[in-house]
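Listed below are the residues making up each chain.
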Amino acid sequence: MAEYYWPDAGNRRLIGQRISRVDGPLKVSGSAKYSADISRPGMLYGKVLRSPYAHAKIVSIDTGAAEKMPGVKAIHIIQGPGKVVQWSGAEILAVAAVDESTAEDALRKIKVKFEPLPFLVDEANLSRAGNRAKPAADQVVGDPDKAFQEKDVVILEGSYGLPVIAHCCLEPHGQVVEWEGDQSLKVYPSTQSVSGVGGEYAAALGIPAGNVLVSMQHIGGGFGSKFDAGPWGLESARLAKKAGRPVKYFLERAAEMTVAGNRPSTFAKIKLAAKPDGTLLGWESDSWGTGGIGGSGIPPIPYIFNIPNQRKRHTAVATNNGAQRAWRAPNHPQACFLTMSALDDMAAKLRMDPLEFFLKNIDLTGVRKELYRKELLKAAELMDWKREWHARDLKSTGPLKRGLGLSIHTWGGRAHNSKCALSIHPDGSVEVNSGSQDLGTGTRTVMAIVAAETFGLPVEAIKVNIGDSRFPPSGPSGGSTTVGGVTSATRRAAQDALAQLMAKVAPDLGVGPERLEAVAGRIAVKGDSTKGLSWKQACSKLGVKALTMNGENPGGGPLNNSGVGGVQMADVTVDSETGVVKINKLVAVQDCGLIIDLKTAESQVYGALIMGIGYALFEERIMDNLTGRMLNANLEFYKLAGLGDIGQLVVHMWMGDKEQDDRGVIGLGEPPVISPGAAISNAVANAIGVRVPNLPLTPDRVLSAMEKGGMAYARI
């Protein structure tokens, strides 16, 4: 077996540099074609009739008037009489028509009778959940009762919470579907799984998996919500088959916000015990939350800090809301906010600098304790923490209050299974094909960098083709697994292809292939760059047939790994008269092993920080307890961060040391989105002297917390 490896730091021309995305010009010029841009001959437009009730039984459906309308080509009932819908927005039936307005008119002519049933859409008050609350068994570590009874123990009690938030992909969920006969289907979806989603269509529609062609060149956001076909995809395929014509259906914004996935809420009552010197002793928590009718999973609390004595209880609350879907770093932002808020409050009660408090307990963070220590000190340097931090002060003068906060986080990021086919053509051109997708990580770019690095070529000499299920399969883009998977597969294919090419060239140069190297557009003898061939001359030795090698991850060699740590610090100003929070500066220090493209790596962190500011300050699903409907299912009242809300973002990638490089590539998309909520919330508490217990930190919540005077420790 060949030995697969990344080039040493001194031998890298491209890996680790700031390289612009190869598809950047297409996107900024508007030339990039997203699935929502696809138009097929004779294409119809789909629309879905949705339940207005959060919980109801369907009594009857009358589609007669709609069926007679000119331009209506197919109607398909998804849930018929006798079925029970579990949330407002649930799919009842689908219509395909010659244009969207005709389809919408048809929906208005359809008569559905419902029998409304009792519902629950608000889980924040657990006492109102009744039998919808499903408590799990207690989890106990050590002896928490003893820990809380230690002599001179300091006890902190607090309540914290994050609401449900919605996925806000600019390109909504949807697809264009087109049948060829009765057994072959083409799908142009917005998906995070080009290689995998076809199998779902095949299983649901009863056709061979090989008969489903999936094609997608670009995606307008996914964040974990676009792995499966969804009912909108499968029902569009059924509509298209009924109508005998292609059907296009992308969710309307209201449907996107209500049924296309959400990040579950988590609330918790937390009790901490520590020695007067800050040593953590005990943790108790009662947590609850929901992601919809299925409730929610147990958050990984206490987060990162393995406090020696613990008692945890979690209650999943089943609500009549659209179901949860993975949202960038599932469960970690919630666990991070709950834990880091409580730890920050304990530091305040002990009159300790939270940086000092975290460093004192850093050994509880496990295998990455030394990395966290170094990252905390680096972040403190970038934030000028020692000079700018102050203790919480309820008596400071002036309306503008400034404060600092910090948080730490972790993630796995191990590379997914991935395959590619790399071809070197006799004319010297190189292309790499993979059934992957670019969720925003720069998939094409990192694959091109790896191939170009291996062959001693410029990045633009490599053509990367992705987004087609006919290419070698690659895993779904989720869990920060894509870059590690596709680059490892590409590196293995490139090393094998280069070895084959050198074997072809070596006789002409009178040396063994082991004495050759690819550098600066040449295949040359090591130590004698004058003795060699240009890349094109070398490739001409292939004759008339391309040299194609397959690469696969996992495979030989230490090309990727898992497990990262990161630190973030926030500097905020709070207007105590209006309650408005302004981000002055957000610092992120993040590791991710070997970095392939520093520019796209930093871009991942910048994007995560912006997303984090959004959920820290603005994002919240608001439900109506009377109707069971979402009140802000639009981008007018579901607030996102704008350019004026961002402040200064400082990103420091932990790179350049051999320890990180030797780990290989590790995923980056998830980890930096975990800490912003906690860091910003802690900074606000530092600024105004009291904890605002729930995100988002809206002006009304800030003013309410200040009016109430915060938790008990703030009144000592």
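Because the structure is a prediction, the values reported are computed rather than measured.

S.K.: Explain helix H5 (residues 197–205) residue by residue, including any values.
M.R.: Every buried residue of H5 is accounted for by Val197, Gly198, Tyr201, Ala202 and Leu205. The buried residues of H5 all sit within an arc of 145 degrees when viewed along its axis, so they share a single face. Taken together, the buried residues of H5 touch strand E11 (174–180), strand E12 (184–189), strand E13 (212–214) and helix H6 (230–243). One or two residues past the end of H5 sits glycine 206, with phi positive at roughly 70 degrees.

S.K.: So what's going on with the domain arrangement of the protein chain? Residues and values would help.
M.R.: Its domain assignment divides the protein chain into domain 1 (9–32 + 415–553), domain 2 (35–118 + 168–259) and domain 3 (262–412 + 562–708). With centres defined by C-alpha atoms, the gap from domain 1 to domain 2 works out at 39 Å. Regarding the contact of domain 1 and domain 2, the summed buried area is about 1300 Å², with carbon and sulfur atoms giving 52% of it. The three residues of domain 1 that bury the most area against domain 2 are Gln437, Leu439 and Ser469, which together make up 34% of that side's buried surface.

S.K.: Hey, could you go over the pairing of strand E22 (residues 462–465) for me, with residue numbers and the actual values?
M.R.: Across 4 bridges, strand E21 (residues 430–433) lies against E22 in parallel orientation. Residue pairing across strands places asparagine 433 opposite asparagine 465, the latter belonging to E22. Tracing the backbone out of E21, into helix H12 (residues 443–455) and back to the parallel element E22 gives a crossover that is right-handed.

S.K.: So what about the packing of aromatic side chains? Which residues, and what values?
M.R.: Evaluated as defined, the whole model comprises 6 aromatic pairs. Between phenylalanine 305 and phenylalanine 358, the ring centres sit 5.3 Å apart and the planes meet at 85 degrees, which makes this aromatic pair edge-to-face. Taken together, the residues phenylalanine 305 in the loop between strand E17 (280–289) and strand E18 (309–317) and phenylalanine 358 in helix H9 (residues 354–360) connect sequence positions 53 residues apart. Each member of the pair, phenylalanine 305 together with phenylalanine 358, is buried.

S.K.: Account for a nonpolar patch on the surface, naming residues and giving values.
M.R.: On the surface, a nonpolar cluster with roughly 300 Å² of combined accessible area is contributed by Leu170, Leu635 and Leu640. Note on placement: leucine 170 falls in the loop between strand E10 (165–166) and E11. Owing to a relative accessible area of 71%, leucine 170 belongs among the exposed residues under this scheme.

S.K.: So what's going on with the nonpolar core? Residues and values would help.
M.R.: Ranked by internal contacts, the top residues of the largest apolar core, which has 100 residues, are Leu272, Val572 and Ile680. In this view, isoleucine 680 contacts Ala570, Val572, Ile583, Leu586, Ile613, Ala616, Leu617 and Leu697; residues no more than four positions away in its chain are not counted. Grouped together as the second largest cluster of nonpolar side chains are 51 residues, Val432, Phe455, Val505 and Val511 included.

About the criteria used
- Residues numbered from 1 in each chain as written.
- Predicted model: local features only at pLDDT ≥ 70, side-chain atom pairs only at ≥ 80, totals over all residues.
- Heavy atoms only, no water.
- Buried < 20%, exposed > 50% of the residue type's maximum accessible area, 1.4 Å probe, protein only.
- Helix = DSSP H or I, 4+ residues; strand = E, 2+ residues; numbered from the N terminus.
- Arc of directions from axis to C-beta.
- Contact = heavy atoms within 4.5 Å.
- Domains from an automatic or database assignment.
- Buried area = accessible area lost by both parts, 1.4 Å probe.
- Pairing = 2+ DSSP bridges.
- Right-handed = clockwise from strand over helix to strand, strands pointing away.
- Phe/Tyr/Trp six-rings, centres within 6.5 Å; stacked < 30°, edge-to-face > 60°.
- Patch = residues over 30% accessible without salt bridge, like charges linked within 9 Å, V, L, I, M, F, W, Y side chains within 5 Å.
- Areas by Shrake-Rupley, 256 points an atom, 1.4 Å probe, with all protein chains shown as cover.
- Salt bridge = Lys/Arg side-chain N within 4 Å of Asp/Glu carboxyl O.
- Core = buried A, V, L, I, M, F, W, Y, C linked by side-chain atoms within 4.5 Å.

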